[in-house]
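Residue-level structure breakdown
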Amino acid sequence: MTEDADRLRRWRLLLGNAAEESTGGLASKTDAAMDGALAALYDTSSDGSKSRRRTAGLGGSAPKVARWLGDIRTYFPSSVVQVMQRDAIDRLGLTQLLLEPELLDAVEPDVHLVGTLLSLNRVMPETSKGTARMVVEKVVREVEDRIAQKTRTAVTGALNRSARTTNPRYRDIDWNRTIRANLAHYLPEHKTVVPERLLGYGRRSQAVHRDVVLAIDQSGSMASSVVYASVFGAVLASMRALKTSLVVFDTAVVDLTDKLSDPVDVLFGTQLGGGTDINRAIAYSQSLIDRPAESLFVLISDLYEGGIRAEMLRRMAAMKNAGVQVVVLLALSDDGAPSFDHDNAAALGALGIPAFACTPDKFPELLALALEHGDIARWADGLQQG
């Protein structure tokens, strides 16, 4: 196929039957099948009515949807399949059909689908729960593979750096810092530095050295963040040098710390949607902190407060003033910041607590910086500029 012919083919698939007169028809059965799969979804208006040119559609039939899910996995790459699945749920109202086990077997698992399944957790029939759990577990393990080792390395490095000593054993010497600190003692005739003092890393014992509290907003827009935060919480909980607590909240607060050995259990302990009382969640989180100077509090929320705003801000200021390292994430996902309360974000910024979105790949770096009491605001500015 020539480049021009392929370009016309792509435009025809993109625009549908309406473009056939100007772009030409589809020559192969594969292209026709792709066109049918696209038509079933995108030739249907947002209110569910069909276009005048196409009669295809997914309707309300579970078998038809299952066949369509199989078709798109056959003809499109995984990344495209995930987008089409999300569009089908949004445009055609397929949420309830996802409760059918045969459909769950046919879907391409991703973080957004997990969020949808978790929002259906309370109404999901027993016949679907086992399959739903397998879908969630597959995504969780993929996320763990992506972030676990990077997180452990970043956190361990931060804890070791905070234990630096001026009397290190030879194998613990930090040569870069030692050389920089002793440049005044450079001997030109020997072309070397003779250090008067050595700087190095101290050896940490197995005691707990930092307390980490993750508070996660369960509102619907935070679904992807809930998935990632639960996995990060489980990774941190596996590190003996940290005491990790995880709470989720809407208008109530649920402590899921005892489920951190398995992030899938954490996720099925959540209840996405509903109102939001951030102040209550912060109050509970405060009760978990008994060593402020050695504690990190991470609030993951879009900051739409249904509780007492002034009290929320007062509690956040009190934690920061007590020495707690406080981080507010508007999102912890690859999707960027959702809609959020700009006034509350600005008010927190005025308290010296920046609120920003962070991707999962950057979160280990942020954790390391926070555990070292680094400049989070400066780091966040660099993240947004980058």
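Preceding block: the structure.
Anyway, here's the lowdown on the structure attached to this text. In this text the structure is predicted, and so the values were computed from the model without any measurement.

Observations concerning the nonpolar core
Ranked by size, the top nonpolar core spans 82 residues in total, and within it Trp 68, Val 327, Leu 329, Phe 356 and Leu 366 carry the most contacts. The leading source of residues in this core is helix 8 (residues 126-161), at twelve residues.

Side note on the side chain of Glu 305
Along the chain, Glu 305 falls in the loop between strand 8 (295-300) and helix 13 (309-321). Buried and unpaired, Glu 305 has Arg 315 as its nearest opposite-charge partner, separated by 8.4 Å. Within the local environment of Glu 305, its side chain forms a polar contact with the backbone nitrogen of Asn 279, the two atoms lying 2.8 Å apart. Dropping the residues within four chain positions of it, Glu 305 is found in contact with Thr 276, Asp 277, Ile 278, Asn 279, Met 312 and Asn 344.

Things to note about the environment of Arg 141
Along the chain, the position of Arg 141 falls in helix 8. Expressed as a C-alpha distance, the spacing of Arg 141 and Val 264, which sit 123 residues apart in the sequence, is 9.2 Å.

Re the environment of Ser 230
Topologically, Ser 230 is positioned in helix 10 (residues 223-237). The exposure class of Ser 230 is buried, given its relative accessible area of 0%. A C-alpha to C-alpha distance of 9.0 Å links Ser 230 and Asp 262, two positions 32 residues apart in sequence. Those residues in contact with Ser 230 that lie beyond four places of it in its chain are Ile 216, Leu 246, Pro 263, Val 266 and Leu 267.

Topic: the sheet that holds strand 5 (residues 210-217)
Within the open sheet, the six strands sit side by side as 7-6-5-8-9-10. Their pairing is mixed. The open sheet terminates on both sides in strands that have one partner only, identified here as strand 7 (253-255) and strand 10 (355-358). Direction aside, neighbouring strands of the sheet carry axes that sit 25° apart on average. Bridge analysis of strand 5 against strand 6 (residues 242-249) gives eight bridges, and the strand direction is parallel.

Things to note about the packing of aromatic side chains
Overall, the coordinates contain two aromatic pairs when judged by the stated rule. Ring geometry for Phe 232 versus Phe 363: centroids 4.6 Å apart, planes at 65°, classification edge-to-face. Of this pair, Phe 232 sits in helix 10 while Phe 363 sits in helix 15 (residues 363-371); the two residues are 131 residues apart in sequence, bridging distant segments of the chain.

Things to note about the side chain of Gln 218
Tracing the backbone shows Gln 218 in the loop between strand 5 and helix 10. Reaching out from Gln 218, the side chain makes a polar contact with the backbone nitrogen of Gln 271 at a distance of 2.5 Å. The residues contacting Gln 218, other than those within four sequence positions of it, are Val 226, Val 248, Phe 249, Asp 250, Thr 270, Gln 271, Leu 272 and Gly 273.

Rules and cut-offs
- Residues numbered from 1 in each chain as written.
- Predicted model: local features only at pLDDT ≥ 70, side-chain atom pairs only at ≥ 80, totals over all residues.
- Heavy atoms only, no water.
- Core = buried A, V, L, I, M, F, W, Y, C linked by side-chain atoms within 4.5 Å.
- Buried < 20%, exposed > 50% of the residue type's maximum accessible area, 1.4 Å probe, protein only.
- Helix = DSSP H or I, 4+ residues; strand = E, 2+ residues; numbered from the N terminus.
- Lys, Arg positive; Asp, Glu negative; His and termini not counted.
- Salt bridge = Lys/Arg side-chain N within 4 Å of Asp/Glu carboxyl O.
- Polar contact = N/O pair within 3.5 Å; in protein donor to acceptor, adjacent residues only side chain to side chain.
- Contact = heavy atoms within 4.5 Å.
- Pairing = 2+ DSSP bridges.
- Axes fitted to C-alpha atoms, helices over the stretch in contact; angles between N-to-C directions.
- Phe/Tyr/Trp six-rings, centres within 6.5 Å; stacked < 30°, edge-to-face > 60°.

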